[in-house]
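# A structural walkthrough
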Amino acid sequence: MTDSPPPARRNFYGRIHGKTLRASQKDYLAEDLGPLTLRGVTLEENPTRGKLDLGFAAGRSLWLEVGFGGGEHLVHMAAQNPEVTILGAEPFVNGIAMLLGKIRGAGVTNLWLHPGDVRDLFDVLPDGCLSKVFLNYPDPWPKARHHRRRFVTPDYLQPLARITAPGAEFRVATDIPDYVRQTLEEVPVAGFRLEREAGLGGAWEDWLSTRYEQKALREGRLPHYLTFRRG
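Now for a quick tour of the structure.

The rules behind the values
Residues numbered from 1 in each chain as written. Predicted model: local features only at pLDDT ≥ 70, side-chain atom pairs only at ≥ 80, totals over all residues. Heavy atoms only, no water. Pairing = 2+ DSSP bridges. Helix = DSSP H or I, 4+ residues; strand = E, 2+ residues; numbered from the N terminus. Right-handed = clockwise from strand over helix to strand, strands pointing away. Core = buried A, V, L, I, M, F, W, Y, C linked by side-chain atoms within 4.5 Å. Buried < 20%, exposed > 50% of the residue type's maximum accessible area, 1.4 Å probe, protein only. Phe/Tyr/Trp six-rings, centres within 6.5 Å; stacked < 30°, edge-to-face > 60°. Lys NZ or Arg CZ within 6 Å of the ring centre and 35° of its normal.

Moving on to the pairing of strand β3 (residues 111-114). Looking down a regular strand, the side chains alternate between one sheet face and the other. Two strands pair when backbone bridges link them, and strand β2 (residues 85-89) and β3 are joined in this way by 4 bridges, in the parallel orientation. Pairing of L87 across the sheet is with W112, part of β3. A crossover links β2 with its parallel partner β3, the connecting element being helix α4 (residues 93-106), and its sense is right-handed.

Have a look at this one:
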């Protein structure tokens, strides 16, 4: 690893724990999370924020899903693309436990996880290492005073731009019109060109509808699918 100055401690917003975990989910966390967790990401493990050695990707394309929720899309992409190494970042323990159960069921072996704030992962990924990034139904932070907590803000987008390769694809799915507005305003400023904007029926060919999308549809909120390309 190479050394770089340590960042200031960050505020983290949002839930980390939810409903009581089932016994099987506790087993997944105890048995499976450790071997799948990327080392050298947290401030405790890597206080100088040296860049990760990506030997675990073995020369493969490297993708990232930010906030994978229950993990269905992440596991789907891993199963459909066994030649790719995919990272998943998620701080919500219940979602991590759900994902681990799905990984066991699918038997995929090309996933690595960071169970925490994705910004810590951004700190230590090398420049231009990602060729595809997914942001599916992120926390909308609907109150105006909380919009600065959204992912589509410079605090997240500027480091994301650093670690994505030229031509890398950045996909955003959301059911919140104001999130679409902010995404279209902020993401191009960070160095990503809008390639495609679609609504209901216009999802990507390899898209797997998530439980969050199904909930939105039941409640009458329509999905938006935005595709950006790193300039």
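Okay, the nonpolar core next. Counting 34 residues, the largest nonpolar core has L121, F151, L160 and F170 as its most contacted members. At the level of elements, β1 (62-66), β2, α5 (118-124), β4 (130-136), α6 (154-163), β5 (164-174), α7 (177-189) and β7 (224-230) are the ones that each hand at least two residues to this core. The biggest single contributor to this core is α6, with 5 residues. Core analysis: the second largest hydrophobic core is formed by 18 residues, A78, L99, L113 and F134 among them.

Take the packing of aromatic side chains next. Tallied over the full model, the rule gives 10 aromatic pairs. Taking the centre distance of 6.3 Å and the plane angle of 75° together, the rings of F122 and F151 count as edge-to-face. Linking F122 in helix α5 with F151 in the loop between β4 and α6, this pair joins segments that are 29 residues apart in sequence. Seen from their ring centres, W204 and Y225 are 5.3 Å apart, and the 75° between their planes marks the pair as edge-to-face. Here W204 is found in the loop between β6 (192-198) and α8 (211-218), whereas its partner Y225 is found in strand β7, with 21 residues between them in sequence. Its relative accessible area of 9% is what places W204 among the buried residues. Every member of this aromatic cluster is reached through a ring pair, and the members are F122, F151, Y156, F170, F192 and F228. A cation over an aromatic ring shows up here: K132 above the ring of W63, its NZ or CZ 4.4 Å from the ring centre.

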